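Spelled out from the first residue to the last, the chains are:
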Amino acid sequence: MSQFDILFQPLKINNLTIRNRIVSTAHAEVYATDGGMTTDRYVKYYEEKAKGGCGLCICGGSSVVSIDSPQSWWSSVNLSTDRIIPHFQNLADAVHKHGGKIMIQITHMGRRSRWDGENWPSLMSPSGIREPVHRATCKTIEEEEIWRIVGDFAKAAVRAKEGGLDGVELSAVHQHMIDQFWSPRVNKRTDQWGGTFENRMRFGMEVLKAVREAVGPDFVVGMRITGDEFHPDGLDHEEMKKIAAYYDATNMVDYFGVVGSGCDTHNTLANVIPNMSYPPEPFLHLAAGIKEVVSVPVIHAQNIKDPNQAKRILEGGYVDFVGMTRAHIADPHLIAKIKLDQTDQIRQCVGANYCIDRQYMGLDVLCIQNAATSREYMGLPHIIEKTTGSVRKVVVVGGGPGGLEAARVSAERGHQVTLIEKGEELGGQITIAAKAPQRDQMAGITRWLVMELERLGVEIILNTTVSAEMVREMQPDVCILATGGRPFIDQNPEWGAEEGLVVSSWDILNGTVEPGKNVLIYDTICEFSGMSAADYLTSKGALVELVTDDIKPGVGIGGTTFPTYYRSLYEKEVIMTSDLMLEKVYREGDNLVAVLENEYTGQREERVVDQIVVENGVRPNEELYYELKADSVNKGQIDNEALFAAAPQPVLSSSDKGMILWRLGDCVSQRNVHAAIYDALRLCKDL
């Protein structure tokens, strides 16, 4: 651990000693229930991070202080009521007993929300200017409302203190109410709340004074700010340094959390939570710039994924605390693993942004590769315990994410595991995805799983197609089929797949088909594969039109990810066309003709190209399953009540002798990486 000693140096914020320099910064978890309370799922999610060694958890991104700042869309924490206090006490106790500290981010969202949710309020902003991302209309806030909200901040901070939390963080980032007043892009007022620098600072200053007076000098009060809004009419880095110094001079702010970029447009939103297409810590320089002008600790968290990054940042003196938030979502035990010299066992975040993209869809935050995260309350474990029963012989067929996770969990349980893959490498569709220009880090999911299988002594057999007879000869106690699927490009016979008129996105990304020069991609799925194929083809010099029958290309990709694709595809002059179905493909000389039809008008169009790529999802490879089904004691069936409750499958305690057969992942039906890993964990954790 000595090389990482700097990570474990305690440091005080105000009078609060943080045991190490690693922070899980505020994010909207979408776990709060019962009207925004921190109930069991919420508590256990943060307890796991504290158990894993995290020094400071700042929970509750965008937790609201006022009843007219809607919390239902994000299922965020509701600090506008005293009901939250006993829930906070449970949360604080759970984190403190493991030596961690816990604070919460508090805010009024202003215009950055939806009015058509809980209570249907009229949203407010300093000058009534609409927010693009949420398409939110709003009124101009009145002075009486300003003073009411100032008081609401103070009351919310008192509730956090009475609940035993260690501090509050004022959100003045992401275009919430405080920084809406700061920014001349949004604040056009000419009264005491706008115009001059001091007037634009006034709302935030009154909030800070009210909070500090309410909680006293020893309770931690931090402020999260941006280092640069990245808008020509917004707050640039020099202005933000001036703002930070202005608030720091009050001696009422105990720390600053600094991130890069505003996020009131789709393009800037993608900057705030950088996905794998960004370089490491792309906005560290902004946090370092703020640190130069303030006297209190500075926290920075954006695309910092591994301990070597954290070490370098701290040794360089850029900031005082390193936020590793998505890193903790991927592996809440990463600090403990560093301490135990097990850095190779850290399940490292790959920047897929499955977690945050779900949040921006109003769904609960989940990790693409760690299905136990946030499901601790269900009993899904991060640390797999050895079985106390008999050792079983487990055969896993298929080396995609579901098969790899099934093999890992089964081996952790202490069973004798063999994994067989027909290809020459493991990873399944992850391997294909990682060949796209913006998706290469997806390979990290496979890399970690393979390293774990090697550590656990799993027998891995490659380049072998498994037959039913081969499985029977192996006589496994449990056979898990994760044989995946194949591109479903033959759904419509008029596409001419059998005649070779169309190819799949897999063919393109795998390099089994040479890229054309003038290519039409027809994407019915509108997730990553079609966009990735377009990005890949244009990188090879192709002219590309991306056509979908949906409302827009990439509509199934989340809010922090589709903008990075759009940047790349627009730069490469990809034509993006919606509302057209591919009806038919035929050959005309050396060219192909795609017949497209508008569903709404029935009007047909034709494109003359030299290559047509169809992305229409996958069909399951289920032949082996049906050959083995009759041989199994459970006839291949999974008890859904047990599965959904994360309880042991009844067949495991059955007295019937013979092979248990399960299948998971795309060989059942197309879902995604997380679904395959989730099924593998909840099926195999009780083997």
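This one's a predicted model, so the numbers in the text were calculated from it and none came from an experiment.

*Asks:* Provide a residue-level description of the domain arrangement of the protein chain, including the pertinent values.
*Replies:* Domain assignment breaks the protein chain into domain 1 (5-378), domain 2 (393-486 + 620-685) and domain 3 (489-616). Distance between the C-alpha centres of domain 1 and domain 2: 39 Å. The interface is formed by 19 residues belonging to domain 1 together with 22 residues belonging to domain 2. Roughly 1800 Å² is buried in total at the junction of domain 1 and domain 2, and carbon and sulfur atoms are behind 58% of that figure. At the junction of domain 1 and domain 2, the tally comes to one salt bridge. Across the pair Glu405 and Arg347 runs a salt bridge whose closest N-O atoms are separated by 4.0 Å. Here domain 1 and domain 2 share eight residue pairs in polar contact (both at pLDDT 80 or more) between them. Of the residues assigned to the side of domain 1 that touches domain 2, the class counts are eleven nonpolar, four polar and four charged.

*Asks:* Mind laying out the sheet that holds strand S23 (residues 591-598), listing which residues take part and the relevant values?
*Replies:* One open sheet holds the three strands; their spatial order is S22-S23-S24, and the pairing between them is antiparallel. Both edges of this open sheet fall to strand S22 (580-588) and strand S24 (604-609), since each of them pairs with a single strand only. Sheet twist, expressed as the mean angle between neighbouring strand axes with direction ignored, is 25 degrees. Of the pairings in the sheet, the one linking S23 to S24 comprises six bridges and is antiparallel in character. Each residue of the ladder has a partner; that of Val595, found in S24, is Glu606.

*Asks:* Kindly report on the packing of helix H6 (residues 237-248) against helix H8 (residues 284-291), identifying the contributing residues and their values.
*Replies:* For the pair H6 and H8, the least separation of the axes is 9 Å and the interaxial angle reads 40 degrees. Considering their axes alone, H6 and H8 lie oblique with respect to each other. Crossing hand, H6 versus H8: right-handed. Of the residues in H8, those in contact with His237, Met240, Lys241 and Ala244 of H6 are His285, Leu286, Gly289 and Ile290.

*Asks:* So what's going on with the pattern of salt bridges? Residues and values would help.
*Replies:* Scanning all chains against the criterion turns up 40 salt bridges. Notably, a salt bridge pairs Arg408 with Glu405, separated by 2.9 Å at the nearest N-O pair. On the criterion of helical spacing, the pair formed by Arg408 and Glu405 is a turn pair, its members being three residues apart in helix H13 (residues 401-412). Neither residue differs from the other here; Arg408 and Glu405 are each classed as buried. A salt bridge links Glu583 to Arg604, with the nearest nitrogen and oxygen atoms 3.9 Å apart. Residue Glu583 is found in strand S22, and its partner Arg604 is found in strand S24; the two are separated by 21 residues along the sequence. Owing to a relative accessible area of 51%, Arg604 belongs among the exposed residues under this scheme.

*Asks:* Lay out the pairing of strand S8 (residues 167-172) in plain terms, naming residues and giving numbers.
*Replies:* Along S8, six of the six residues are buried, which leaves the element largely enclosed by surrounding structure. Along S8, one buried face is formed by Gly167, Glu169 and Ser171 and the opposite face, lined by Val168, Leu170 and Ala172, is buried too. For S8 and strand S9 (residues 220-226), the ladder comprises six bridges, and the chain directions are parallel. Its bridge partner being in S9, Ala172 is matched across the sheet by Ile225.

*Asks:* Explain empty space enclosed by the protein residue by residue, including any values.
*Replies:* Counted under the stated rule, the structure contains five cavities of 30 Å³ or more. Every residue lining the largest cavity is counted, 33 residues in all, and those nearest its centre are Ala26, His27, Arg224, Ile273 and Ile356. Listing elements by their share of the lining of the largest cavity, those giving two or more residues are strand S4 (56-64), helix H10 (325-330) and helix H12 (354-359). Ranked by residues supplied to the lining of the largest cavity, first place goes to H10 with four residues. Taken together, the residues of the lining of the largest cavity sort by class into 17 nonpolar, twelve polar and four charged. A volume near 90 Å³ is recorded for the second largest cavity. For the second largest cavity, the lining is made up of 13 residues, of which Cys349, Asn353, Cys355, Cys367 and Ile368 are closest to its centre.

*Asks:* Describe the packing of helix H5 (residues 197-215) against H6, naming the residues involved and giving the relevant values.
*Replies:* The contact between H5 and H6 brings their axes to 11 Å, and the two run at 45 degrees. When the interaxial angle is binned, H5 and H6 end up oblique. Judged by the twist between their axes, the crossing of H5 over H6 is right-handed. In this structure, H5 uses Phe197, Glu198, Arg200, Met201, Gly204, Met205 and Leu208 to contact H6, whose residues at the interface are Glu239, Lys242, Ile243, Tyr246 and Tyr247.

*Asks:* Outline the UniProt feature "domain: FAD/NAD(P)-binding" (unreviewed entry) in the protein chain, supporting the account with residue identities and numerical values.
*Replies:* The sites that UniProt annotates as "domain: FAD/NAD(P)-binding" (unreviewed entry) are residues 393-638. For residues 393-638, the end-to-end C-alpha separation is 19 Å, with 29% helix and 27% strand making up the annotated structure.

*Asks:* Which residues make up the side chain of Glu281, and what values do they have?
*Replies:* Its location among the elements puts Glu281 in the loop between helix H7 (266-272) and H8. Ignoring sequence-local partners within four residues, the contact set of Glu281 consists of Gln302, Asn303, Ile304, Gln309, Arg312 and Ile313.

*Asks:* Report on the environment of Gly167, specifying residues and quantitative values.
*Replies:* Examined against the element boundaries, Gly167 turns out to sit in strand S8. With relative accessibility at 0%, the residue Gly167 sits in the buried group. Sequence separation of Gly167 and Ile104 is 63 residues, and the distance between their C-alpha atoms is 6.7 Å. Here Gly167 is in contact with Ile102, Met103, Ile104, Phe219 and Val220, once residues within four sequence places are set aside.

*Asks:* Would you mind going over the nonpolar core in detail, with residue names and values included?
*Replies:* In this structure, Trp182 and Phe203 are the most contacted members of the largest nonpolar core, which totals 104 residues. The biggest single contributor to this core is H5, with nine residues. Ignoring anything within four residues of it in the chain, the contact list for Trp182 reads Ala172, Arg200, Met201, Met223, Ile225, Leu235, Met240, Ile243 and Tyr247. Within the second largest apolar cluster, 47 residues are counted, among which are Leu404, Leu449, Val458 and Leu681.

What counts and what doesn't
- Residues numbered from 1 in each chain as written.
- Predicted model: local features only at pLDDT ≥ 70, side-chain atom pairs only at ≥ 80, totals over all residues.
- Heavy atoms only, no water.
- Domains from an automatic or database assignment.
- Contact = heavy atoms within 4.5 Å.
- Buried area = accessible area lost by both parts, 1.4 Å probe.
- Salt bridge = Lys/Arg side-chain N within 4 Å of Asp/Glu carboxyl O.
- Polar contact = N/O pair within 3.5 Å; in protein donor to acceptor, adjacent residues only side chain to side chain.
- Nonpolar A, V, L, I, M, F, W, Y, C, P; charged D, E, K, R; others polar.
- Pairing = 2+ DSSP bridges.
- Helix = DSSP H or I, 4+ residues; strand = E, 2+ residues; numbered from the N terminus.
- Axes fitted to C-alpha atoms, helices over the stretch in contact; angles between N-to-C directions.
- Parallel < 35°, antiparallel > 145°, perpendicular 65-115°, else oblique.
- Left-handed = near helix turned anticlockwise from the far one by under 90°.
- Buried < 20%, exposed > 50% of the residue type's maximum accessible area, 1.4 Å probe, protein only.
- 1 Å grid on protein atoms, 1.4 Å probe; cavity = no way out; pocket = protein on both sides within 12 Å on 5 of 7 lines; lining within 4 Å.
- Points joined across faces, edges and corners; volume = space filled by probe spheres on them.
- UniProt positions renumbered as here; feature names shortened; annotations may be inferred.
- Core = buried A, V, L, I, M, F, W, Y, C linked by side-chain atoms within 4.5 Å.

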